[in-house]
Amino acid sequence: MESNTIVSIITATYNSRDYIEATIKSVLNQTYTNWELLIIDDASKDDTVSILNKYASNYSNIKVFQNQTNQGAAITRNQGIKEASGDFIAFLDSDDVWKPEKLEKQLKFMLENNVNVCFSSYDIMDENGTLLNKTVKALPKLTYNKFLKCNYIGNLTGIYNAKSLGKIYAPNLRKRQDWLLWLKAVKKSAKPAVGMGDSLAIYRVRRNSMSSNKFNLLKYNYLVYRKGLGFSTLKSSYYMMTFLFEYFFVKSKQTVTSEKM
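The notes below deal with the structure included here. This structure is a prediction, so every number in the text was calculated from the model and none was measured.

**Quick notes on the overall build of the protein**
Counting its regular elements, the protein contains nine helices and eleven strands. For 261 residues, the compact-globule estimate of 2.2 N^0.38 gives 18 Å, and the protein sits close to it at 17 Å. Across the 261 residues of the protein, 51% fall into the buried class. Taking the intrachain contacts of the protein between residues at least 6 apart in sequence as the baseline, contacts between residues at least 24 apart amount to 79%. Just so you have it, the protein exposes about 12,300 Å², and 51% of that area is on carbon and sulfur atoms.

**Some words on the pattern of salt bridges**
This structure, assessed with the given rule, holds eight salt bridges. Asp47 is the partner of Arg17 in a salt bridge, and the nearest nitrogen-oxygen pair spans 3.9 Å. Here the residue Arg17 occupies a position in the loop between strand 1 (7–13) and helix 1 (20–28), and Asp47 occupies one in the loop between strand 2 (35–41) and helix 2 (48–58), the gap between them amounting to 30 residues. Overall, the relative accessible area of 45% leaves Arg17 in the partly exposed class. When its relative accessible area of 37% is taken as the criterion, Asp47 is described as partly exposed. Between Lys54 and Glu21 there is a salt bridge, with its nearest N and O atoms 3.2 Å apart. A residue pair is termed long-range when its members are at least 10 positions apart, and Lys54 in helix 2 and Glu21 in helix 1 qualify at 33 residues. Residue Lys54 is classed as partly exposed on the basis of its relative accessible area, which comes to 39%.

**Quick look at the packing of helix 1 against helix 2**
Helix 2 packs onto helix 1 with a crossing angle of 20° between their chain directions and a minimal axis gap of 10 Å. Looking at the two axes, helix 1 sits roughly parallel to helix 2. Crossing angle aside, the handedness with which helix 1 passes helix 2 is right-handed. Residue-level inspection shows Ile20, Glu21, Ile24, Lys25 and Leu28 of helix 1 in contact with helix 2, the latter providing Ile51, Leu52, Lys54 and Tyr55. Tallied by class, the residues present in the contact of helix 1 with helix 2 amount to six nonpolar, no polar and three charged.

**Some details on the side chain of Thr5**
As for its placement among the helices and strands, Thr5 is situated in the segment before strand 1. If sequence neighbours within four positions are ignored, Thr5 has contacts with Tyr32, Asn34, Asp87, Phe88, Leu107 and Leu111.

**Re the packing of aromatic side chains**
Summed over the entire model, instances satisfying the criterion amount to twelve aromatic pairs. The aromatic ring of Trp98 is capped on one face by Lys102, whose charged end is 4.4 Å from the ring centroid. Note that Lys235 overlies the ring of Phe231, its terminal NZ or CZ placed 4.2 Å from the centroid.

**Comments concerning the pairing of strand 2**
Counting buried residues along strand 2, seven of its seven residues qualify, which places the element largely inside the surrounding structure. Of the two faces of strand 2, the one lined by Trp35, Leu37, Ile39 and Asp41 and the one lined by Glu36, Leu38 and Ile40 are each fully buried. Two elements, strand 1 and strand 2, share seven bridges in a ladder whose sense is parallel. Across the sheet, residue Thr11 finds its bridge partner in strand 2, namely Ile39. Taken together, strand 1, helix 1 and strand 2 form a β-α-β motif whose crossover is right-handed. Following the chain from strand 2 across helix 2 to the adjacent parallel strand 3 (residues 62–66), one finds a crossover that is right-handed.

Rules and cut-offs
- Residues numbered from 1 in each chain as written.
- Predicted model: local features only at pLDDT ≥ 70, side-chain atom pairs only at ≥ 80, totals over all residues.
- Heavy atoms only, no water.
- Helix = DSSP H or I, 4+ residues; strand = E, 2+ residues; numbered from the N terminus.
- Rg over C-alpha atoms; globule rule 2.2 N^0.38 Å.
- Buried < 20%, exposed > 50% of the residue type's maximum accessible area, 1.4 Å probe, protein only.
- Contact = heavy atoms within 4.5 Å.
- Areas by Shrake-Rupley, 256 points an atom, 1.4 Å probe, with all protein chains shown as cover.
- Salt bridge = Lys/Arg side-chain N within 4 Å of Asp/Glu carboxyl O.
- Axes fitted to C-alpha atoms, helices over the stretch in contact; angles between N-to-C directions.
- Parallel < 35°, antiparallel > 145°, perpendicular 65-115°, else oblique.
- Left-handed = near helix turned anticlockwise from the far one by under 90°.
- Nonpolar A, V, L, I, M, F, W, Y, C, P; charged D, E, K, R; others polar.
- Phe/Tyr/Trp six-rings, centres within 6.5 Å; stacked < 30°, edge-to-face > 60°.
- Lys NZ or Arg CZ within 6 Å of the ring centre and 35° of its normal.
- Pairing = 2+ DSSP bridges.
- Right-handed = clockwise from strand over helix to strand, strands pointing away.

In structure tokens:
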């Protein structure tokens, strides 16, 4: 694998003192070492920034940026993308972690197979970091049309080739902007995103997360279609129906327990 290939990792933080060290350590433990970690703090009110500065002072490839006022995830992630200098861009939220071989395996796969957009399976843990013996299995291939129906890319697993696609930014929606970013990436790539069966990351389910609140999930999904993609009310309603089918009858089957794997 080309060790001179740089991966830029974008991490947005907000009041993340309970989780951010585990996130950073999971990057430091990567077997692939040619990366930069760009952490953008969205005006945290706790001592997140002091933790970030401690790591930035000890590691030259960890860079910290601060918003003076809270801007939301889209603007915050986009600031990281703007600062990124890597050939590939990856995302890792401030309460999630990567497995040590994540970058090495995924980057090797992308380079050997000329893949522009790649994602992987991932495990699930609870708020306290206890693994739940559940894995969300990645689809082998994801076309743009399939992707419109439901968000099949776990943001913590996605990587896109910025060298071939250019930098791709998230639309300024308060929620679900990661789905829109990956939709833009897949559309620009003009070929399907490719999913890796290996579980390469661990997603933390929080009590206040949108994935735990089905009403908010539906509300913000509608806004993806209506505002994010500019669909008409009728077209947005149609895609909401397709989303409901995909989410409850297709995507739900992607989550398997360890006994079934």
